[in-house]
Amino acid sequence: MKDKIPGLSSIRMKLAGFVLLLVIAAIFLMYIFHLPMTEFVVGLAALIAAWFGGELFVRRQVHAMSETAKKIADGDLSARTGLPDSADELGRMAKVFDRMAEILQQRIREREKLAAFVQLNPNPALEFAADGELIYFNEAAWNLSLRAHRDHPRDILPDNTANVVRDCIQSNQSRHSETKINGRMIAWSFYPIPSGNVVHCYAEDVTERINLEEQLRQSQKMESIGQLAAGVAHDFNNILTVIQGHSSALLAKSLPPEINGPLQAVYFAAERAASLTKQLLMFSRKNVMHLCPLDLREVVGNMNKMLARLLGETIALEFQPPAELPGIQGDAGMIEQIILNLAVNARDAMPEGGKLSIQLGAMTIEPSYLDTHRDARGGKFVRLRVTDTGCGMDTLTLAHIFEPFFTTKEVGKGTGLGLATVYGIVQQHEGWIEAVSKPGQGTTFEVFFPVAQTEIAAERKEIRPVTPVVGGAETILMVEDEQVLREMARDILRDLGYKILEAPNGKEALTIWKQKRDEIHLLLTDLVMPEGISGVDLAERLLADRPDLKIIFTSGYTAGEINLELFTRSQAHFLQKPYTHAALAKIVRNCLDKNAPAKAAVN
């Protein structure tokens, strides 16, 4: 009935029934006891007042709170009673009710924000019940399991997850661990939530970070070894310069056979030692490069005969150049050194014979390739692949093959510089090298060179007649901190007729310059010197005073010391240590006679 009459409610029906009951009772009593109508009217008025009082001060507030509660239950969290502030009990109750509704709305919004944060978090997030059961995970956790080639996040959890969860809740402390699944390293962090008796877990795929850290450590190690190798090569080159200089000067004279033979042995031994220091400089990237456009098909093709003799009859050499191949910017001699070193290693790995295959091809490195090849870079590259059918290497050996002086060969059969040299040359060419090998399954080296931006033009070689080296009467200011080397160069040049002014460092050279500035025709200076004045600093000061001064720089290594702008401006020449008697005499005469372009002057 009350559902069909919208104006009626349970409270209102109860009030109406109660009033009707009282009225009937009052009429019955008046009839029995013959009471006057005045008392009846007063009583009826009191009941009516009570009716309207309940309607006005009770039912309306209760109805408003009831309707508001219904709206909140239906999802309208913004619903409020809208009753005016009142000091009575119902007014205070309505105020408390609205405050409760406001707090409820705020809490639910916070939970929704938290739920959205976890759900949309790019990092994996999971929740565990007190018994270790996984009760929630976000989409990032699902994606992590797929990257690890698993069907569900529970399949990548640590084995002791249940124990870790229980320990977190009991101790109220966080726990951390790492697991490795299918090559992916995952870091786990568990945090207890006492209020909910649950544990929240956050996971992170740290594979790339660990790879980068390992790459950085390897790079720092190789850089430190390279600096050591460069320092050793620099000092050793000074010693070899003295040996080669004096021995070549003596060989130029007519000596008895019993002296000439041993002297030639000394000279050739110094040459072999110089080739070792050259390899050290290549590894440490401290040698001078002569970059030019190259077609690797021609470089490898020109080496075919030499490689065939090097490998011997028991090893078959296969090389089929592609019809087309982009050019690169490189040093032909250095790249030949790469191929030779790889071929020698392959030969030694096939003592009973086998096959060596050399392949060339263009390759575009995509982002997906970078995920599994830590040294790679995106872009277009030319790939040189050298594959042998030899004994192969295990994982431990493979991790050290590019370190200098590391070798698996017997004592006296290898210097351990071959692959270290290859590594340094490739780095200088802004490329990288990869190696794949397994015991008994051969080895493959892949070298990547950036594609040149310009096309390769046909190289024209100018044939110049060989002319005898002659001396002169000019004055040379020679600056060299190694006394034995300075004395040797002085004797060679004096024998050729030059007047020599010597200085062991830049400060003394400046003093000599102030005294005999107008007499000096040529500055011959080492690049690296003590006393705070390098060869470049000295040259800059003297050129400021005499822009026409002719300059020759010498050094055991040069990267980082050569100022190309200075070479271009001054038309300076460069003489690499160790040098021979003839090389020193020739470059001095050429520099005094004319100034060739800086690139041609770097010998």
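Note that the structure is a prediction, hence the values are computed from the model and not measured.

Participant: Help me understand the overall build of the chain in this model?
Facilitator: Secondary structure assignment for the chain yields 19 helices and 17 strands. Restricting to contacts in the chain with at least 6 residues of sequence separation, those with at least 24 account for 65%. Carbon and sulfur atoms form 56% of the exposed surface of the chain, whose accessible area is close to 34400 Å².

Participant: Could you clarify how one ought to interpret the side chain of Asp-526 in this entry?
Facilitator: With respect to the helices, strands and loops of the structure, Asp-526 is situated in strand S15 (residues 522-526). Take Asp-526: its relative accessible area is 0%, and that puts it in the buried class. A polar contact of 3.4 Å, which involves the side chain of Asp-526, links it to the side chain of Lys-577.

Participant: Where do I start with the pattern of salt bridges in this structure?
Facilitator: In a structure, side chains of opposite charge can pair up when their charged atoms sit close to one another. Counted by the stated rule, this structure contains 19 salt bridges. Taking the shortest distance from any N to any O, the salt bridge between Asp-205 and Arg-184 comes out at 2.8 Å. With Asp-205 in strand S5 (residues 198-205) and Arg-184 in strand S4 (residues 184-193), this pair connects stretches of sequence that are 21 residues apart. Here Asp-205 falls in the buried class, since its relative accessible area comes to 18%. Salt bridges here are not isolated pairs; linked through shared partners, they connect Arg-486, Arg-490, Asp-491 and Glu-502.

Participant: Help me understand the pairing of S15, please; the structure alone is not making it clear to me.
Facilitator: Within a regular strand, the side chains alternate between the two sheet faces. In terms of burial, S15 is largely enclosed, as 5 of its 5 residues are buried. The alternating pattern of S15 places Leu-522, Leu-524 and Asp-526 and Leu-523 and Thr-525 on opposite faces, both of which are buried. In this sheet, S15 lies alongside strand S13 (residues 475-479) in parallel orientation, the contact comprising 4 bridges. Counterpart to Met-478 in the pairing with S15 is Leu-524. Two elements, S15 and strand S16 (residues 550-555), share 5 bridges in a ladder whose sense is parallel. The partner of Asp-526 across the bridge, within S16, is Thr-554. Read from S15 through helix H16 (residues 535-545) to S16, the crossover connection turns out right-handed.

Participant: For this particular structure, what's the right way to read empty space enclosed by the protein?
Facilitator: Rolling a probe over the atoms, with the probe sized like a water molecule, indicates the empty space that remains. Per the counting criterion, the structure on display carries 1 cavity of 30 Å³ or more. What the largest cavity holds in volume is close to 60 Å³. Met-478, Val-479, Glu-480, Leu-485, Arg-486, Ala-489, Leu-524, Thr-525, Asp-526, Thr-554, Lys-577 and Tyr-579 are the residues that line the largest cavity. Where the lining of the largest cavity is concerned, the elements lending two or more residues are S13, helix H14 (483-495) and S15. Taken together, the residues that form the lining of the largest cavity break down as 6 nonpolar, 2 polar and 4 charged.

Participant: Looking at this structure, how should I read helix H10 (residues 332-348)?
Facilitator: Think of an α-helix as 3.6 residues a turn; residues three or four steps apart then line up on the same face. With 17 residues, H10 should cover 24 Å at 1.5 Å per step; its first-to-last C-alpha distance of 24 Å lies within 8% of that length. The complete set of buried residues in H10 reads Met-334, Ile-335, Ile-338, Ile-339, Asn-341, Leu-342, Ala-343 and Ala-346. Where H10 begins, one side-chain oxygen reaches toward the backbone nitrogen of Met-334, 3.1 Å away; that side chain belongs to Asp-331.

Participant: Sorry, what's going on with unusual backbone geometry here?
Facilitator: Negative phi values dominate among residues other than glycine, just as trans dominates among peptide bonds. In this chain, Lys-577 is followed by Pro-578 through a cis amide linkage whose omega measures -5 degrees. Along the chain, Pro-578 falls in the loop between strand S17 (573-576) and helix H18 (581-593). Phi at His-149 takes a positive value of approximately 60 degrees, unusual for a residue other than glycine. Looking at the element boundaries, His-149 is found in the loop between helix H4 (139-147) and helix H5 (161-171).

Participant: Explanation requested: the sheet that holds strand S2 (residues 134-137) in the structure shown.
Facilitator: Sheet strands line up and pair through hydrogen bonds in the backbone, either parallel or antiparallel. Spatially, 5 strands are ordered S2-S1-S5-S4-S3 in an open sheet, and the strand pairing comes out antiparallel. The two strands at the open ends of the sheet, each matched to only one other strand, are S2 and strand S3 (175-181). Each neighbouring strand pair of the sheet contributes to a mean axis angle of 25 degrees, computed without reference to strand direction. As paired strands, strand S1 (residues 125-128) and S2 are joined by 3 bridges and run antiparallel to one another. The residue of S2 that forms the bridge with Glu-127 is Tyr-136. Sitting on the sheet, H5 touches S1, S3, S4 and S5, and the angle it makes with S4 is about 35 degrees.

Participant: What's the story with the nonpolar core in this structure? I'm lost.
Facilitator: Side chains of a nonpolar character, in soluble globular proteins, are inclined to be buried together. Among the nonpolar cores identified, the biggest contains 39 residues, and Leu-296, Ile-338, Ile-339, Leu-384 and Phe-445 are the most heavily contacted of them. The greatest single-element share of this core, amounting to 7 residues, is contributed by H10. Setting aside chain neighbours within four positions, we find Phe-445 in contact with Leu-342, Leu-384, Arg-385, Val-386, Met-393, Ile-401, Phe-402, Leu-419, Ile-433, Glu-434 and Ala-435. In this structure, Ala-503, Trp-513, Ile-520 and Leu-543 belong to the second largest nonpolar core, which totals 25 residues.

Participant: How should the confidence of the model for the chain be read in this particular structure?
Facilitator: Reading predicted coordinates in detail is not appropriate for stretches of low pLDDT. Of all residues in the chain, 72% have pLDDT values of 70 or greater, and the mean over the chain is 77. Considering only residues more than four positions removed or in separate chains, one finds that residues 1-9, a stretch of pLDDT under 50, has 5 contacts. pLDDT under 50 marks residues 458-466. Its contacts with residues more than four places away, or in other chains, come to 0 contacts.

Participant: Any chance you could explain the packing of helix H15 (residues 506-516) against H16 here in plain terms?
Facilitator: Two measures define how a pair of helices packs: the angle their axes make with one another and the distance between the axes. At their nearest, the axes of H15 and H16 sit 10 Å apart, and the two run at 15 degrees to each other. What the angle tells us is that H15 and H16 run roughly parallel. When the axes of H15 and H16 are compared, the crossing they make is right-handed. Residues Gly-506, Ala-509, Leu-510 and Trp-513 of H15 pack against Leu-538, Arg-541, Leu-542 and Asp-545 of H16. Of the residues assigned to the contact of H15 with H16, the class counts are 5 nonpolar, 1 polar and 2 charged.

Participant: How should the sheet that holds S15 be read in this particular structure?
Facilitator: One open sheet accounts for 5 strands, arranged S14-S13-S15-S16-S17; its pairing is parallel. Every other strand in the sheet has two partners, leaving strand S14 (499-503) and S17 as the edge strands with one partner each. Recorded for the sheet is a direction-independent mean angle of 20 degrees between the axes of neighbouring strands. One ladder, built from 4 bridges, connects S16 with S17; its direction is parallel. Of the residues in S17, the one forming a bridge with Phe-553 is Phe-574. Against the sheet, H16 engages S13, S15 and S16, with an angle of about 160 degrees to S15. Strands in contact with H18 are S13, S15, S16 and S17; relative to S16, the strand with the most contacts, it is inclined by about 155 degrees.

About the criteria used
- Residues numbered from 1 in each chain as written.
- Predicted model: local features only at pLDDT ≥ 70, side-chain atom pairs only at ≥ 80, totals over all residues.
- Heavy atoms only, no water.
- Helix = DSSP H or I, 4+ residues; strand = E, 2+ residues; numbered from the N terminus.
- Contact = heavy atoms within 4.5 Å.
- Areas by Shrake-Rupley, 256 points an atom, 1.4 Å probe, with all protein chains shown as cover.
- Buried < 20%, exposed > 50% of the residue type's maximum accessible area, 1.4 Å probe, protein only.
- Polar contact = N/O pair within 3.5 Å; in protein donor to acceptor, adjacent residues only side chain to side chain.
- Salt bridge = Lys/Arg side-chain N within 4 Å of Asp/Glu carboxyl O.
- Pairing = 2+ DSSP bridges.
- Right-handed = clockwise from strand over helix to strand, strands pointing away.
- 1 Å grid on protein atoms, 1.4 Å probe; cavity = no way out; pocket = protein on both sides within 12 Å on 5 of 7 lines; lining within 4 Å.
- Points joined across faces, edges and corners; volume = space filled by probe spheres on them.
- Nonpolar A, V, L, I, M, F, W, Y, C, P; charged D, E, K, R; others polar.
- Expected span 1.5 Å × (residues − 1).
- Axes fitted to C-alpha atoms, helices over the stretch in contact; angles between N-to-C directions.
- Core = buried A, V, L, I, M, F, W, Y, C linked by side-chain atoms within 4.5 Å.
- pLDDT = per-residue confidence, 0-100.
- Parallel < 35°, antiparallel > 145°, perpendicular 65-115°, else oblique.
- Left-handed = near helix turned anticlockwise from the far one by under 90°.

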